[in-house]
Every structure is written in structure tokens, then in C-alpha cells.
Number of protein chains: 2
Amino acid sequence: MNKQSIKLSVDAVVFGYEEGNISVLLIKRKYAPYKGKWAIPGGFVLNNESLEEAVERELHEETGIKISYLEQLYTFGNPSRDPRGRVVSIAYFGLVRPNAFQIFASTDAEQAQWFDIKELPELSFDHREILDIAIKRLQGKITYEPIGFELLDKKFPFSDLEKLYTTLLGRDIDRRNFRKKIVGLNVLDELDEKISKGSGRPAILFKFNQKRYFQLKKEGIIFEI
Amino acid sequence: MNKQSIKLSVDAVVFGYEEGNISVLLIKRKYAPYKGKWAIPGGFVLNNESLEEAVERELHEETGIKISYLEQLYTFGNPSRDPRGRVVSIAYFGLVRPNAFQIFASTDAEQAQWFDIKELPELSFDHREILDIAIKRLQGKITYEPIGFELLDKKFPFSDLEKLYTTLLGRDIDRRNFRKKIVGLNVLDELDEKISKGSGRPAILFKFNQKRYFQLKKEGIIFEI
DNA sequence: ATATATTTGCGTATAAAATACACATAATGA
DNA sequence: TCATTATGTGTATTTTATACGCAAATATAT
């Protein structure tokens, strides 16, 4: 048997959510193959780092952002997925607030940029497939796990949470029933403050009850919106 | 940067279900490390085969069984998981009827054997962790996807299906409500035959309606038993 | 042959959850 | 002060899940 000559890489699909928009962080490749094309950030795993360390490092090197929790998505190993030779890639994904990060390209990336999920450029390698699988997973995830804590302001009106869900689910939900459900989970603490943005009745501000929130995440609620 | 020297392997967690027992297929390692110890079947990926080809090949080589659908489970990449050096392993899992296969050990395996899931031997590498994750996944899977077609006889009494579920879930279910639910899914065709095994009223035989069954699998029903 | 044990087959009542739906309130701006 | 806009709330209906018990058809023991 010939010696194994397979390279191992990691890729990070980082979604950004903000005010009704979902975006994904891409880099423009500085070197061949696919030089000048957009791609999901990622790169080769070093010999002595864990996969998680690798994906966080690559993401940081190429885009300047540092994310401490990325979830493993899937491993892509089609023998012809990389023109340079056999490369198997372990894809991770995460969801963040784009404005919480200053992005700047470096190392293998000529540029790093958020793209609206509906206006994606052509992607390198099999990255379009990876992204499609990540989107599916994101949609599934939201129905069995509470999401939001990391994506909203510390204090937020209920409508922000509602918008988050309609955006991620890609469809309308009944405002009253949604509120009842969330309130029933006891995951929100009502504050004494109100916020008024433009016309309309001012909204009460809420914050997440961290303890309860992480407890729910752990339990893995089923959350039929 | 040093050249990457990471090896890539695949592992197959194959569960067997039969008459109220869940087992898992293990091999006894012929060579060091962990020589003589039990392990999940698996091995290194060849340069030109896909990951799925690799895992099916290794499983066949080591245990003699040929399974065409294994689902990707998770990728394990802890730098110290293998004493020989850095080995990243992509684990797959599947569920079969043990008696449908003739197992025989070869290549790296000194022996291949089904173990009851409650009477597992000590395992090599991080295989215990892999197995635990596979078990969790199996339990989750059964609640959002119909399972059974591949695990029961072509014609079977309802009680066989019931036993399958109680076994995989590890708890009792209400016989009447379970039957109502399954019948409501229209996934079974009632036959004109009956079967009598020992004492008790003879049972009507059913078969799965293949078309409907695979449609449900595809749709991904949520199936609160 | 009769009684007993065993397994299958089935229906109904109750509780819980999901859904559908409309109007009052508190602000802004013309 | 009137129109507009966004927020906040309750109730009725439908659907789904759960709880629960008894009759039918067979084998086995007496």
C-alpha cells in the first residue's frame, strides 16, 4: 500500500445576524487555486493542534475575528474536491453579530467580507455545498434549541427577538402565540425600562435570564414555532 | 511551517438489533497498539477513495460484512487520541440485523464479534467515547425518523415493531397509543395472514409500505413516542 | 371439556398544546 | 386633534398527546 498523502483542513461557516439580515463571512483568496475567488475561511490543520484550535486559528488569521464556540458541521472528503490533491475538510459553523467584530484580512486572504445570504458570490471548491448544508443545519437548530442570547443587545424589545426568529426561519410567525411561548419558557426577564424608536407605542425592554437560557440549551428543548 | 503529518482514518459503529437486544460489532485488534484489545472496526483512508468507500471497505475487510448505508457521525481529532501519532478519524454509524450477516475477521482483526450494548469490553483508543456519542445519536434519530424497515422481517406482527421501539428507546411505551400513531402514519400495510407464536391470540401480519416509509424518512417527521 | 394464562386488538374520555384571530394602548408626526 | 404606527394582550377552537380497561383468540394445564 502506498503511503497516505491526504491533507486535512478545516473550514468555518460563520453566519452573522443583524436586524433582519443574515450574512456569511467570506474571504477572497490571495493564492491559487481559485485566486481572487471568494471562499469560506479555513486552512490546513497543524500537527499538534486540535481541530477546534485549528478552525479558530484559521478564522482569526484570515478574517481577524475570534470565535470561541464553533460547532462541528460535517466532514467533506470527496477525492476531487480540491484541484491541488486530496484534501479532506472538517467544516464548522457558528452564528454571531457581525458588528461585534472588526474584520480584517490577512495571510491567505486578500479581503474578508460579510455577504448577505441571498446575494452570494460564486464560491471556490465545494464551498457552495458546504454553505448549503450549514444553512439547513442552522434552520434545524433553531427549532430545538433557543437562539438569541448571543445575537441581540443585552436589553432588547420583544420585537427584536421576533424579527430574529422570522429572519432565521424565513417565514412569518404569529406574534401573540410566539410571545406566549417564549414567556412560558421563563427565559426572559422583563425590565423596568422602555424604548421608543420612532413612531408607535414604546416597547418594554427584556434581557435573557442567562441561567435559564443555558439550562434550556442543555436540555435541548423542542421548540415548535 | 512543518509539513503536515496527520493520518486520516474512518471508523464504523455498527449497531445490531434483534428481538429486544441491541448489540454493536467490534473487532479484536491483531497488531499494536492495543493488540488483543477490542475496537470499533475501521482503518486508514486510501488516497483515492471517498470517505464512504473507505469506511465500507474497512468494515468489510475486518468483519466480512457489507453495509451500503452508513451515516456520518462525527470527526474525532484530539491530537493524543492515537499513541502512534496524530490520527484524525471520521466516524460513521449504521443499524442492521446481525443475523442477516455472516461475520468473519480478517486483515487487522483477529476476531469480530457482536457485543450486547450493556456488556461491552474495554475499548481501544477513544472508542468508548465514539460509541457513547453514537448511542446518543441513535436514540435521537429514532424520534425524528421512522426506523424499522431494515430491522424487521418482511412480514411482522405489530408487537415486533413495538419491541423494537421499546428496546431502542430503553423505556416502555403505551401499546395502544403507539399503534394508533403508527397506523395514523399510513406506513404499514395490513396483510391477510396471521401468525401464532406460542400462547395468546394470533397476530395479524403487517409489512412496511416502502414508498410511504421512505417518503416519511425524507420529510423527517417529528415522532414523539 | 373446561378453566386458566397469555397475547392481541381496539375505543373513549381527558388533558395539554398549537393555532387562529381582533382590538385597545401609547407613542409620533402631520 | 387626527391619522399613523408599533406594541401589548385574551379567548375560543382545533389538534395532538395521554391515560386507561376489557373483550377476543389462542395455547396449556387440569
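Fair warning: this is a prediction, and the values are worked out from it, not measured in the lab.

Engineer: Help me understand the pairing of strand E1 (residues 7–18) of chain A, please; the structure alone is not making it clear to me.
Structural biologist: Each regular strand displays side chains that alternate between the two surfaces of the sheet. Residue and element names in this part refer to chain A. Within E1, ten of the twelve residues are buried, which leaves the element mostly enclosed by the surrounding structure. Inspection of the sheet shows E1 paired to strand E6 (residues 87–96) by ten bridges, in the parallel sense. When the sheet's bridge partners are listed, Lys7 is paired in E6 with Val87. By the bridge criterion, three bridges tie E1 to strand E4 (residues 42–44) in an arrangement that is antiparallel. Each bridged residue has a counterpart across the sheet, and for Ser9 the counterpart in E4 is Phe44. As defined by bridge partners, E1 adjoins strand E2 (residues 21–29) across four bridges and the pair is classed as antiparallel. Bridge pairing in E2 links Glu18 to Asn21. Connecting the antiparallel pair E1 and E2 is a turn made up of two residues, with Glu19 showing a positive phi of about 45°.

Engineer: Just to check I follow, could you spell out the relation of the copies chain B and chain A for this structure?
Structural biologist: Mapping one chain copy onto the other needs a rotation about an axis and a shift along that axis. With an RMSD of 0.1 Å, the operation that places chain B on chain A is a rotation of 180° combined with a shift of 0.0 Å along the axis. Each copy turns onto its partner about a two-fold axis. Looking at the interface residues of chain B, 100% of them are also at the interface in chain A, so both copies use one shared face.

Engineer: What am I meant to see in the packing of aromatic side chains here?
Structural biologist: Residues and elements named next belong to chain B. This model, assessed by the stated rule, comprises 26 aromatic pairs over all chains. Here Trp38 and Phe115 contribute two aromatic rings whose centre-to-centre distance is 4.7 Å and whose plane-to-plane angle is 75°, an arrangement assigned as edge-to-face. Here Trp38, found in strand E3 (residues 38–39), pairs with Phe115, found in strand E7 (residues 109–116); they are 77 residues apart in sequence, far enough to count as distant. Per residue, the accessibility class of Trp38 equals that of Phe115, and both read buried. Considering the side-chain rings of Tyr74 and Phe76, the 5.2 Å spacing of their centres and the 65° angle between planes classify their relative orientation as edge-to-face. The exposure class assigned to Phe76 is buried, which follows from its relative accessible area of 4%.

Conventions we followed
- The residue count restarts for each chain, going from 1 along the sequence in the order it is written.
- Here the convention is simple: chains get letters from A, ligands get numbers from 1, in the order in which they are written.
- Reporting of local features is limited, given that this is a predicted model, to residues whose pLDDT is at least 70; pairs of side-chain atoms are given and counted only at 80 or more, and all residues count toward the totals for whole chains, interfaces and linings.
- Derived side-chain values reflect all non-hydrogen atoms in the structure, with water molecules and hydrogen atoms excluded from consideration.
- Partly exposed residues are those whose accessible area sits between 20% and 50% of the maximum for their type, while under 20% is buried and over 50% is exposed, using a 1.4 Å probe and protein chains only.
- The helix and strand labels rest on DSSP assignments: H or I over at least four residues marks a helix, E over at least two residues marks a strand, and numbering proceeds from the N terminus.
- Note: two strands are recorded as paired if DSSP finds a minimum of 2 bridges between them.
- Least-squares superposition aligns the copies on the C-alpha atoms of those residues with pLDDT at or above 70 in both.
- Residue contacts are counted whenever heavy atoms from the two residues lie within 4.5 Å of one another.
- Between the rings of Phe, Tyr and Trp (Trp by its six-membered ring), a pair exists once the centres lie within 6.5 Å; its type follows the angle of the planes, with under 30 degrees stacked, over 60 edge-to-face, and the other angles tilted.

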